[in-house]
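Structural overview
Here is how the chains run, residue by residue.
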Amino acid sequence: PEIWQHLAAGDILDVFQFNSGVGLSVAKSMRPQNPLEMTAANAMMRLMNEPGVESQQDRYVRIKQGGIDLFEKEMTEHHLPKKMKERLHHYCDQYYGCSAIQEQMMEILMDDEIACFTLKEANDARKIVGKKQMARIPELHEKFNQVMSPALADYVWKLAVAPQLGYAFSINHSLPYSFVGIQTIILATKFNPV
């Protein structure tokens, strides 16, 4: 518990990846309580949102505080079929209704109840998003509209793909960063300051 208290308080000068203004703000608002939540924070601090659209950090905090039922209610309001809702819960509940990392987006895209992408198509989508191939975004968006009804495609796009168009991380990136961050907190709190 001490690790997470220090991270949220921002009272350690140089927690790896949480030492910038953005990193400190994300740690204070998201208040990670375990390595997986710290991994989500590490990934989400880099995600961008369109003007007027709720940020992934704010969405995460809202659903974490209000309960996963808020995510269920949102999907119901968008008329998602029961099986699709179940699958999105499977992929997104650990991140409180958010799509935080590249592999999560790929899994959502490959699910037979959602977009039915092949592994190759999902990996191509990851490359388009991860490498900011902006000229190919309309092509990817069109593929969504071909495999789902426009309303469902719009919801899944906004949930799983659009937030990652800025600078999404993979789990292989976010998780090790988090463990280095945890080590810096331990060093700062358990060892001589010199």
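What this report covers is the structure whose coordinates are included nearby.

What counts and how
Residues numbered from 1 in each chain as written. Predicted model: local features only at pLDDT ≥ 70, side-chain atom pairs only at ≥ 80, totals over all residues. Heavy atoms only, no water. Helix = DSSP H or I, 4+ residues; strand = E, 2+ residues; numbered from the N terminus. Buried < 20%, exposed > 50% of the residue type's maximum accessible area, 1.4 Å probe, protein only. Contact = heavy atoms within 4.5 Å. Salt bridge = Lys/Arg side-chain N within 4 Å of Asp/Glu carboxyl O. Axes fitted to C-alpha atoms, helices over the stretch in contact; angles between N-to-C directions. Left-handed = near helix turned anticlockwise from the far one by under 90°. Nonpolar A, V, L, I, M, F, W, Y, C, P; charged D, E, K, R; others polar.

**Some words on the environment of Asn49**
For Asn49, the position within the fold is in the loop between helix H3 (35-44) and helix H4 (56-66). The partly exposed category is assigned to Asn49, whose relative accessible area is 39%. If we ignore the near neighbours within four places in the chain, the residues touching Asn49 are Glu54 and Ser55.

**Some words on the pattern of salt bridges**
Counted by the stated rule, this structure contains 11 salt bridges. With its nearest N and O atoms 2.8 Å apart, the salt bridge here joins Glu37 to Lys64. Pair noted here: Glu37 is in helix H3 and Lys64 is in helix H4, with a separation of 27 residues, a long-range link. With a relative accessible area of 9%, Glu37 lands in the buried category. Classification of Lys64 by relative accessible area gives partly exposed; the value is 25%. A salt bridge links Glu54 to Arg62; the nearest nitrogen and oxygen atoms lie 2.9 Å apart. Residue classification places Arg62 among the partly exposed residues on the basis of a relative accessible area of 32%.

**Considering the packing of helix H8 (residues 119-130) against helix H9 (residues 137-147)**
At a minimum axis distance of 10 Å, the contact between H8 and H9 shows a crossing angle of 140°. Relative to H9, H8 is oriented so that their crossing is left-handed. Contacts between H8 and H9 involve Glu121, Ala125, Ile128 and Val129 from the former and Ile137, Leu140 and Lys143 from the latter. A class-by-class count of the residues in the contact of H8 with H9 yields five nonpolar, no polar and two charged.

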